[in-house]
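# Chains, contacts and geometry: an overview
Each chain is listed here by its residues.
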Amino acid sequence: MKIPLLSALRSVGPVIIGISLGFTLSLLSVNWAEEACYLEGVTMAQDGPLNGARRPSSISTTNDLESQEEFEPRIVPYKQVQQSNATAKKVVRARYISTELDMRERLFVGVLTSKDTINTLAVAVNRTISHHLDTVVFFTGTHQRKVPNGMFVVSHGDERLVWNMFQTIKYILDHYVSEYDWFYFVQDDAYTEADRIKELVGHLSVDRELYMGRPQEFIGGGMEGRYCCGGFGYLLSRTLLLRLQPFLENCRNDILSSRPDEWLGRCLIDYASTGCVSEYEGLQYHHYELEKNSDPTKEAHEQFKKALTVHPVSDPEQMYRLHRFFTEIELQKTYDEIAKLQAEIKNVSVVAFEGNRSAHWPVGINPPFEPKTRFEVLKWDYFTEDQIYSCIDGAPKCELRGIDSMDVADVIDVAMGELNKKYKPVLELKKQQLINGYRRFDPTRGMEYTLDLKLEVVNQKGRSLSITKRVHLVRPLSQLEIIPMPYVTEATRVHIIIPLTLQELSAVDQLLKVFASNAFETSENAILTFLFIYDPVEAQQVNQNDIFANVKSQINAYERKYPSVKIPWISVKTETPSQIKFMDILSKKHSVDTLFFLASVKTNINTEFLNRCRMNAINNWQVFFPIHFQDFNPDIAYHNQEPPATIDLVKDAGQFDRWSFDEACFYNSDYMAAHTRMSADVQENDEILETLDIYDMFVKYSDLHVFRAVEPALHQQYHYKICNPRASEDIYHRCVQSNLEGLGSRSQFAMLLFEQEQGNST
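Report follows, based on the coordinates. Here the structure is a predicted model, which means the values were calculated and not measured.

### Examining the sheet that holds strand S13 (residues 309–311)
Here we have three strands laid out as an open sheet, ordered S5-S13-S12, and mixed in their pairing. Of all strands in the sheet, those with a lone pairing partner are strand S5 (191–192) and strand S12 (287–289), marking the two edges. Bridge count for S5 against S13 is two bridges, and the pairing is antiparallel. Paired with Thr192 across the strands is Thr309, a residue of S13.

This is the structure:
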């Protein structure tokens, strides 16, 4: 079928028109006029090419060509720079970058006090502001024989108020003016809200000559300008103090005044032309004058709640009440800001890629831990109001008591408080019963709780209804603190003390064999000391029948085998063995910096543990009580089986004996200090030495940190302990529990009972 000619032109026509238009426009853009090759004032070289390359459109003048023809290169000979005999000036760099860049701290606080108030009001000021501010210095006139702890006091040696003010300004100009941008002065009878002062100076420019406080007219009113009342504190800029510095002596000689704040105000007006202001660039210096014997909690004035300083404060108790009041205000502001941020995060999360799922609850807390394998799944513990179904000893159910009971009660109270906060005043909720409770510890966020509560709901008309409500709570990990610890090394010599009785003689061979391979052969920096304990009958027969004769001969054999090794031993006669009695003897025979490790003859000692003993026992700071791993009774753990040659640290082989406190690492000086504090009680009751052990003594009679932790390098074979009935009830109970729990695990006992029942049934 033929396509009509008109249809063909209609489809091809626009293309032809476009091509034609393009050619036409390109031809129009071409400049058909030829550029003249010779212009007026331009000459070309007749012989040879052009002197230099140039653009076709450029124009060279005659002068340019002549200058090019006249140009001749000039050769500058190289001359070696002669070294000067004079020593080059050494450039001295600042020690700190902040010094070189002229960076300073923001705020210095000077508190003006006196001999009558330095131990009362000044101490209260220090306790309320020092932990919020970087530098707080107290200035007084009288030299103090004893300065309160934690306070830096500068004494001028004169009680004249104006003289003290002059000396204070001079001291700051000499010592601090190059380190701080702002200087805040206040009397010790004024309360200062430290965070608000820091916030105020954070918005002020450092290059302004500013004198800011509560303006007050001069006495007599004949002088222009106003000064800042010292009772309410005042701010001085570094720039202003530097301008005043050359005229400070003139102020002292020319200005007469009985008030130090008025004297300083007149000095600043006369020589720096700066008066006191309470407002600068929209920033207000809020203050409040407190009435006599007023209660801060009853002050409802808005100016009081916004105050930077409150004056006058009559006594330290009122200072602490003011601090509590303003701290609660700042804390509530923080809570409001957190709630505002949480609401903003929720609003923003709606438009996020994952929607509301991108905002984890609670907002601002780390998301829950996500396990990668089934072995990493966190376990939930089930509890009720009086029972918990996850016990330390492995029992399926035990009574909810102690800190666990307090934890559950607190969580329920918080849940009820939050529910009533949400539904009041329309509804009031009352707890009837905790149906189910679940909790787990998430190391990334804290303790999580899920509660099923049976509630009674009461409306405004008094009608009630019983419902079940599930709530989720999180107790987040917060206020983490890095505690500074003294520096310790692994080079300290350890004195290992082994008390030995007749019943423990069979374990000496294994102890010496293991210790020889771990310490004697490796030249470990440790000394093994035996303490031979005789009862009165054994002590009388020591010449005829020494029960420790074989041990002493073994010691001599090891000393001959290892010539550089000495194994000292001490004999003790006592009816009632006691750790404290033994250590009293040993403590007197060693220097105060001796590190002791009190151990048992059943303990296998190695280098790994000795290093941890050195690191965890810190002189005048910490004592270390390791928890050893003890094997179960082989007759129970390996019933009808051959025990393995090497026992691993697994739950079916043994347990960390948390009831044992026999091993201890401590310094002799710490022991002597604790024993000295115990001596008064010993004089009243000498039986304390028999009823207490080393652990109880450090807990009750020292301020040291008692560090107790599991120690996998400390291994003991199974043995039955003989419990001393004359010991305290607590020590005797610990010994009995250690024997009972060291027999075997619950599953092993269950298998024995099952086999016994099967045997009886057949």
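### A closer look at the packing of helix H16 (residues 579–588) against helix H19 (residues 668–684)
The contact between H16 and H19 brings their axes to 11 Å, and the two run at 120 degrees. In terms of orientation, H16 and H19 fall into the oblique class. In this structure, the crossing between H16 and H19 has a hand that is left-handed. Note on element contacts: H19 touches H16 through Asn668, Tyr671, Met672, His675 and Met678, opposite Ile580, Met583, Asp584 and Ser587. Across the contact of H16 with H19, the residue classes break down as five nonpolar, three polar and one charged.

### Quick notes on the sheet that holds strand S4 (residues 180–187)
Taken in spatial order, the six strands line up as S3-S2-S1-S4-S9-S6 in an open sheet, and their pairing is mixed. Each edge of the open sheet is held by one strand with a lone partner, namely strand S3 (152–155) and strand S6 (211–213). Ignoring which end each strand starts from, the neighbouring axes of this sheet average 25 degrees apart. Sheet topology note: the strand S2 (residues 136–140)/S3 ladder contains four bridges and is parallel. Bridge pairing in S3 places Thr140 opposite Ser155.

### Focus: the pairing of strand S21 (residues 526–534)
Summarising burial for S21: eight of the nine residues are buried, a large majority. Judged from the seven bridges that link them, strand S20 (residues 494–500) and S21 form a sheet pairing that is parallel. Opposite His495, over in S21, you have Ile527 as the bridge partner. Where S21 and strand S22 (residues 569–573) come together, five bridges link them in parallel fashion. Along S22, the bridge assignment pairs Tyr534 with Lys573.

Each value, and the rule that gives it
Residues numbered from 1 in each chain as written. Predicted model: local features only at pLDDT ≥ 70, side-chain atom pairs only at ≥ 80, totals over all residues. Heavy atoms only, no water. Pairing = 2+ DSSP bridges. Helix = DSSP H or I, 4+ residues; strand = E, 2+ residues; numbered from the N terminus. Axes fitted to C-alpha atoms, helices over the stretch in contact; angles between N-to-C directions. Parallel < 35°, antiparallel > 145°, perpendicular 65-115°, else oblique. Left-handed = near helix turned anticlockwise from the far one by under 90°. Contact = heavy atoms within 4.5 Å. Nonpolar A, V, L, I, M, F, W, Y, C, P; charged D, E, K, R; others polar. Buried < 20%, exposed > 50% of the residue type's maximum accessible area, 1.4 Å probe, protein only.

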